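Observations on the model geometry
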Amino acid sequence: DGGITQSPKYLFRKEGQNVTLSCEQNLNHDAMYWYRQDPGQGLRLIYYSQIVNDFQKGDIAEGYSVSREKKESFPLTVTSAQKNPTAFYLCASSPDGRGAYGYTFGSGTRLTVV
Amino acid sequence: DAKTTQPNSMESNEEEPVHLPCNHSTISGTDYIHWYRQLPSQGPEYVIHGLTSNVNNRMASLAIAEDRKSSTLILHRATLRDAAVYYCILPHLNAGNNRKLIWGLGTSLAVNP
């Protein structure tokens, strides 16, 4: 079945460490997105990519980095510069970025700083 | 950026219809209206989307006002599994000719047995 796979499901990071969250899709979608969700809040956009080798900052990109070397993959690195990284991270994809089609979400990665 | 407004919470009884409203008065002509729902600690699940006409699928119906400034998600017979946070969002085309989703806090739907 086609879908989005996020890994790991749970991730623990020590202060000062960089960690990379994986997002892979086999839906042949052009556009991919990373969101952060904090308790009791809506999703906030970190980065998005509408095509391979291109990505744009979202509303809260500071302390994060991404790459889009392959259509299927859009990994997110949470750097030590992100002061409050503990959150639920969600990856999504869509056939294009126009919104004419639905968006598919992964099951999320819960990152905790210890 | 186009913004949506939804009630914080709603309550329904099992097997009754539920109408979840959303206001999006700043919607532009090319913005689609999307609805998603989310269970705790899970990713959002696509429910339905539309542009101008009312839409139906196996999960729900979407009624869009004629002026497109509001819409209503209709669950025809609520079940306990429909208890979730429902988000109404607009993939908005911004000045940089890129689209992004603007998420509000959604409506938390409780379904009573």
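Above this text is the structure in question.
Values in this document were obtained by computation on a predicted structure and should not be read as measured data.

Basis of the calculations
- Residues numbered from 1 in each chain as written.
- Chains lettered and ligands numbered in written order.
- Predicted model: local features only at pLDDT ≥ 70, side-chain atom pairs only at ≥ 80, totals over all residues.
- Heavy atoms only, no water.
- Helix = DSSP H or I, 4+ residues; strand = E, 2+ residues; numbered from the N terminus.
- Contact = heavy atoms within 4.5 Å.
- Buried area = accessible area lost by both parts, 1.4 Å probe.
- Salt bridge = Lys/Arg side-chain N within 4 Å of Asp/Glu carboxyl O.
- Buried < 20%, exposed > 50% of the residue type's maximum accessible area, 1.4 Å probe, protein only.
- Pairing = 2+ DSSP bridges.
- Axes fitted to C-alpha atoms, helices over the stretch in contact; angles between N-to-C directions.
- Disulfide = S-S within 2.5 Å.

1. Structural notes on unusual backbone geometry
The step from Ser7 of chain A to Pro8 of chain A runs through a cis peptide bond, and the omega angle for that step is -10°. Within the element layout of this structure, Pro8 of chain A appears in the loop between strand 1 (4-7) and strand 2 (10-13). In this structure, Asn28 of chain A takes a positive phi of about 60° despite not being glycine. Relative to the helices and strands, Asn28 of chain A is located in the loop between strand 3 (19-25) and strand 4 (31-37). Phi is positive for Ser41 of chain B, which is not a glycine, with a value near 60°. Topologically, Ser41 of chain B is positioned in the loop between strand 3 (33-38) and strand 4 (45-50).

2. Some remarks on the interface of chain B and chain A
On the chain A side, the residues contacting the 20 residues of chain B number 25 residues. At the boundary of chain B with chain A, total buried surface from both sides reaches about 1,800 Å², with 52% on carbon and sulfur atoms. Between the two partners, chain B and chain A, sit zero salt bridges. Contributions of two or more residues to the side of chain B that touches chain A are made by strand 3, strand 4, strand 8 (84-93) and strand 9 (99-102) of chain B.

3. Some details on the environment of Pro7 of chain B
All names here are of chain B. For Pro7, the position within the fold is in the segment before strand 1 (9-13). Accessibility expressed as a relative area gives 28% for Pro7, which makes it partly exposed. Expressed as a C-alpha distance, the spacing of Pro7 and Leu109, which sit 102 residues apart in the sequence, is 9.9 Å.

4. Comments concerning the sheet that holds strand 3 of chain A
One key point about sheets: their strands pair by backbone hydrogen bonds, in either a parallel or an antiparallel sense. All names here are of chain A. Pairing is antiparallel in the open sheet, where four strands are placed in the order 1-3-8-7. Every other strand in the sheet has two partners, leaving strand 1 and strand 7 (64-66) as the edge strands with one partner each. Across the sheet, the mean angle from the axis of one strand to that of its neighbour is 20°, orientation sign disregarded. Bridge count for strand 7 against strand 8 (residues 76-78) is three bridges, and the pairing is antiparallel. Each residue of the ladder has a partner; that of Val66, found in strand 8, is Leu76.

5. A few points about the sheet that holds strand 5 (residues 55-56) of chain B
Reading across the sheet, the four strands line up as 2-7-6-5 (chain B) and stay open at both edges, with antiparallel pairing between neighbours. Edge positions in the sheet fall to strand 2 (18-23) and strand 5 of chain B, since each has one partner strand and no second.

6. Notes on the state of the cysteines
Taken as a whole and judged by the stated rule, the model has two disulfides over all chains. Here Cys23 of chain A connects covalently by a disulfide to Cys91 of chain A, the sulfurs 1.9 Å from one another. Classification of the bridge connecting Cys23 of chain A and Cys91 of chain A rests on its S-S torsion, roughly -75°, and on that basis the disulfide is left-handed. One end of the pair, Cys23 of chain A, is in strand 3; the other, Cys91 of chain A, is in strand 9 (residues 87-94), with 68 residues separating them in the sequence. For Cys22 of chain B, the disulfide goes to Cys88 of chain B, at an S-S distance of 2.1 Å. Judged by the sign of its S-S torsion, about -80°, the cystine formed by Cys22 of chain B and Cys88 of chain B is left-handed. Of this pair, Cys22 of chain B sits in strand 2 while Cys88 of chain B sits in strand 8; the two residues are 66 residues apart in sequence, bridging distant segments of the chain. Of the two residues, Cys22 of chain B and Cys88 of chain B, neither departs from the other in class, the shared state being buried.

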